[in-house]
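Architecture at a glance
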Amino acid sequence: MTGSRRFRSTFLPFLPRPVGAGALSAGALAACAALTAGCGAIPGATGGSGDGPIKVMTWAPQDTDATNKPGMPAMARAYGKWINSRGGIHGRRLEILTCNDHNDSVGAARCARRAATEGAVAVVGSYSQFGDSFLAPLESAGIPYIGGYGVTNDEFTGTMSYPVNGGQPALLAGLGRALAAACGPVSLVRPDSIAGDQLPALLDSGLKAGGHAPAGDQLAAENATEYGDQADQALRYATQGTDKAPVEALTGATAPAGQQARKGCVVPALGDRTDTFMDSFRRTRDAFPSVRTATVLGSVDQSVINATGGASGPYEGAYITGWYPPASDRRWKPMKKVIDEEAFGDNRIDPADAGVQTTWIAYTVLRAALERIGAGEVSADTVRRTLDGGLKVSTGGLTPTLRWPYASRLAALGLPRLVNADVSLQVVRGGELVEAERTRGSGIDGITDMTSTLENADLG
């Protein structure tokens, strides 16, 4: 593993890394102001104190060739409209600034600088792969980062970061726990990147907890347009020991006898490229015995399942771990009501999208902090001090009660801000992503806390 390669992936780099301060020129700030397609705002007065509106920002990549999360800023706007239609918070309106980071480190820093320049009291429910670019400017301005998507290591280390989910660590550990009892050989297909280098240890932590051998580790380019070779090699490993399987497996290792008797599993964890892998996988799998597929939310959601054939597609029967209850759960009813009232017909906002869900939860946290502040001064400093002061936030059962102590139980793993390691196990049944049935030995029973499993992960 090399620790010097710069992260360019939708996957979480888990090795702690210092955040250095940086500066952006006035010309770059002016450029951001000129990029009206990249940065937008709900009109209103400026400022975060006094009687004026309370400014916050939500950013995400849009219109790029890689990961796009347009539903997150769209959900933020809908939330702001909903709050304002009910008189605001203590009589003050929310002004929602949005910015497009374009999946670019300069763009991420530019959005953060703009948040500071325009007086945002928090950045809320956002997505960016470039934590080392945006957290330094936010920290310099004292602006809290509430409920990022959990896509970078920095979100779980920065003292001004307040994550609401467990990111990829929790999802992969949970998936390993679920697959340990259900699968024979497990083949992980993941990016050939510094971030991807951490994924096997996380999946293996869950497999090990269930008494399973480590997964076969298949590297893949994260920007490839097809994955025929990787699909072939993954299937070779997952089907070793069966009648139709090729003699040599991916790693040359032989799965333990007990695991050979169970159907193998292929786990693609390639972010937005997972559906590209599955196109190649569908063309390759007929030459091999049947296998099961499994992955994590963020790599697959309901829209991907639909696009790949629904009940007749490769994900039918697949296990998928997520941070929250399935979108069909009644606990999402308040969010869906806001979407119906304020963004009906906006197809960017999918209630089943984990980014939209994370944005809803992040704004729930913001609202709780603002209500605690009450009629007092609202600034980045008072929001941060409120969050640091032991505020406990209920999310209606979508997460455990959230609070951010100085260091969580996972501080020794290098993730001191990871305070919610809950995962839910879902399954594709009849083409629909639904909650998996609770069965003994599955490793996950409903929503399960992965903290203990992650404490035993070997990320060295």
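Here is a short report on the structure shown in this document. (Residues numbered from 1 in each chain as written. Predicted model: local features only at pLDDT ≥ 70, side-chain atom pairs only at ≥ 80, totals over all residues. Heavy atoms only, no water.)

Now for the pairing of strand β12 (residues 422-429). As a general feature of sheets, a regular strand has side chains that alternate between the two faces. Summarising burial for β12: seven of the eight residues are buried, a large majority. Bridge count between strand β11 (residues 319-322) and β12: four bridges; the pairing is antiparallel. By the bridge assignment, Gly322 is partnered in β12 with Ser424. The sheet contact formed by β12 and strand β14 (residues 447-449) spans three bridges and is antiparallel. Note on β14: the bridge partner recorded for Val423 is Thr448. Hairpin remark: β12 followed by strand β13 (residues 432-435), antiparallel, with two residues in the connecting loop; positive phi at Gly430, about 60°. (Buried < 20%, exposed > 50% of the residue type's maximum accessible area, 1.4 Å probe, protein only. Helix = DSSP H or I, 4+ residues; strand = E, 2+ residues; numbered from the N terminus. Pairing = 2+ DSSP bridges.)

Taken as a whole and assessed by the stated rule, the structure comprises two disulfides. In this model Cys99 forms its disulfide with Cys111; the gap between the sulfur atoms is 2.3 Å. Sign of the S-S torsion, about -80° for the bond between Cys99 and Cys111, identifies this disulfide as left-handed. Of the two residues, Cys99 is situated in strand β3 (residues 94-99) and Cys111 in helix α3 (residues 105-117); the sequence distance between them amounts to 12 residues. Judged by relative accessible area, Cys111 falls into the buried class, the value being 0%. With a sulfur-sulfur separation of 1.9 Å, Cys183 is cross-linked through a disulfide to Cys265. As the torsion about the S-S bond is roughly -80°, the Cys183-Cys265 disulfide counts as left-handed. On the criterion of sequence distance, the pair formed by Cys183 in the loop between α5 (167-182) and β7 (186-191) and Cys265 in strand β9 (residues 265-268) is long-range, its members being 82 residues apart. Among the residues examined, Cys265 registers a relative accessible area of 0% and is labelled buried. (Disulfide = S-S within 2.5 Å.)

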